[in-house]
Amino acid sequence: MVNSASFSNSKYAIVGGGLMGRLLAVALARQGAQVELFDKGHSNASGATARIAAAMLAPLAESAITEDSVVRMGIHSLPRWKELISQLSTPVFFQQDGTLILWHRQDTSDAERFTAHLERNCRNNSLLQLPQKLNNEAVRDLEPGVADRFTQGLFLPNEGQLDNRQLLDALLIELNNLKVHCHWNTEANPDELRKDHTYQAVIDCRGTGAKDGWNNTLRGVRGEVIRLYAPEVRLKRPTRLIHPRYPIYIAPKENDVYVVGATEIESDDLSEMSVRSAMELLSAVYTVHSGFAEARILEMATQCRPTLKNNLPEIKARKDKGLSDLIMINGLYRHGFMIAPAVLDCALELLRSGDSNTALDLGLNITQEANNSEASLCV
């Protein structure tokens, strides 16, 4: 853990008040630093990618489509989320009851390939727990509401989720309690802030708004989610449906609210959800549980996830004579909530000592730049 004394009497500017910006601001302020937070949007995070998310914490499920380093960050982050949430003065919904994977009979071959992929990943990573194959009786024990439609499934133990909007609100309360000076509705330039020598470092957490600092390697990947109020549905845990065109996820939150999503489009388009996406998501979710037929649509939302060219997160650290240090954190892609505590821990170590053993262990890439020369800490 980071030595709190190392940040006493230090001053930091953080640009970007989404998930990473708020987590870092709270962590640094708790450890004695003076923190100023700048964000071009409102304090309710209405423009943040983190507000449009299911916030599933599913390293084994995601191992089917991502690199081992991201999986390791997800494993590291699960217990850290418990710690971070327990330190907040406002309750945040957190659950660790596993993930249920379902498929229709015609998609059995896809499910078999998916299962084999997960089992292979578990053999290569001893920290992952093997998925459990379920017959109809086992499905009924876990999720009685879907047992009439699905005769088999997979259960991924230990995976979890949290309520992203509750968390953002709770972090805002914490920022106020910790007397963090927040500049909402203020568009700040990290390069200009670096000219203020009172800052130990300027930390850029702007997501897709930071394209100017990533040499055209940062792009947006559009995601679309629907929030439903479905009191007739009783799903206890995040549920994923294997499907060749739209492998959907359903994340049950408190008070009969469900977050449903699947789409991933290579585009910076922030316009409203398309008719096609809405029809595919809603028709697919109805095939999982008939109770969704009478659900009420609370919201259809879109957002672009900040993504680097390799779909992996990265931290850049830059030192220039006569300027405050610059730390740039980006590329969390679709895994923001799953890996955020790991990225947080690595960033705090980097700020404290100029290096991060945790980043080396997890495979998080940190690039150091000084006087226009580069040295990579992690590859």
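An account of the accompanying structure is given in this report. Because the structure is predicted, anything quoted here is derived from the model rather than measured. (Residues numbered from 1 in each chain as written. Predicted model: local features only at pLDDT ≥ 70, side-chain atom pairs only at ≥ 80, totals over all residues. Heavy atoms only, no water.)

## Some words on the sheet that holds strand β4 (residues 94-95)
Taken in spatial order, the 3 strands line up as β3-β8-β4 in an open sheet, and their pairing is antiparallel. With partners counted over all chains shown, the strands left at the sheet margins are β3 (56-57) and β4, one partner each. (Pairing = 2+ DSSP bridges. Helix = DSSP H or I, 4+ residues; strand = E, 2+ residues; numbered from the N terminus.)

## A few points about the packing of helix α3 (residues 68-86) against helix α9 (residues 336-353)
It is the contact of α3 with α9, at a shortest axis distance of 6 Å, that shows an interaxial angle of 85°. The pairing of α3 with α9 is recorded here as roughly perpendicular in orientation. In this structure, α3 contributes Val70, Met73, Gly74, His76, Ser77, Arg80, Trp81 and Leu84 to the contact, and α9 contributes Phe337, Met338, Ile339, Ala340, Pro341, Ala342, Val343, Leu344 and Asp345. Taken together, the residues that form the contact of α3 with α9 break down as 12 nonpolar, 3 polar and 2 charged. (Axes fitted to C-alpha atoms, helices over the stretch in contact; angles between N-to-C directions. Parallel < 35°, antiparallel > 145°, perpendicular 65-115°, else oblique. Contact = heavy atoms within 4.5 Å. Nonpolar A, V, L, I, M, F, W, Y, C, P; charged D, E, K, R; others polar.)

## Re the pairing of strand β1 (residues 11-15)
Of all 5 residues in β1, 5 are buried; the element is thus mostly enclosed. Side chains of β1 alternate between two faces, with Lys11, Ala13 and Val15 and Tyr12 and Ile14 buried alike. In terms of strand pairing, β1 meets strand β2 (residues 34-38) through 5 bridges, oriented parallel. Pairing of Ile14 across the sheet is with Leu37, part of β2. Between the parallel pair β1 and β2, the chain is carried across by helix α1 (residues 19-30), and the sense of this crossover is right-handed. Two strands pair when backbone bridges link them, and β1 and strand β10 (residues 201-204) are joined in this way by 4 bridges, in the parallel orientation. The residue of β10 that forms the bridge with Ala13 is Val202. (Buried < 20%, exposed > 50% of the residue type's maximum accessible area, 1.4 Å probe, protein only. Right-handed = clockwise from strand over helix to strand, strands pointing away.)

## Section: the nonpolar core
If you look at the biggest cluster of nonpolar residues, it comprises 64 residues, and the most contacted ones within it are Leu24, Leu28, Trp81, Ile203, Ile315, Ile329 and Phe337. Among the elements that make up this core, the one with the highest residue count is α9 (12 residues). If we ignore the near neighbours within four places in the chain, the residues touching Phe337 are Leu19, Ala50, Ala53, Ala55, Leu57, Trp81, Leu162, Asn164 and Leu167. In this structure, Val146, Phe150, Tyr258 and Ala284 belong to the second largest nonpolar core, which totals 28 residues. (Core = buried A, V, L, I, M, F, W, Y, C linked by side-chain atoms within 4.5 Å.)

## A word on the packing of aromatic side chains
Within the structure shown, the criterion is met by 2 aromatic pairs. Centroid distance Phe7 to Tyr12: 6.0 Å. Interplanar angle 70°. Geometry classified as edge-to-face. With a centroid separation of 5.4 Å and an interplanar angle of 85°, the aromatic rings of Tyr258 and Phe292 are classed as edge-to-face. Of the two residues, Tyr258 is situated in strand β14 (residues 257-265) and Phe292 in the loop between α8 (275-288) and β15 (296-307); the sequence distance between them amounts to 34 residues. Judged by its relative accessible area of 3%, Tyr258 falls in the buried class. (Phe/Tyr/Trp six-rings, centres within 6.5 Å; stacked < 30°, edge-to-face > 60°.)

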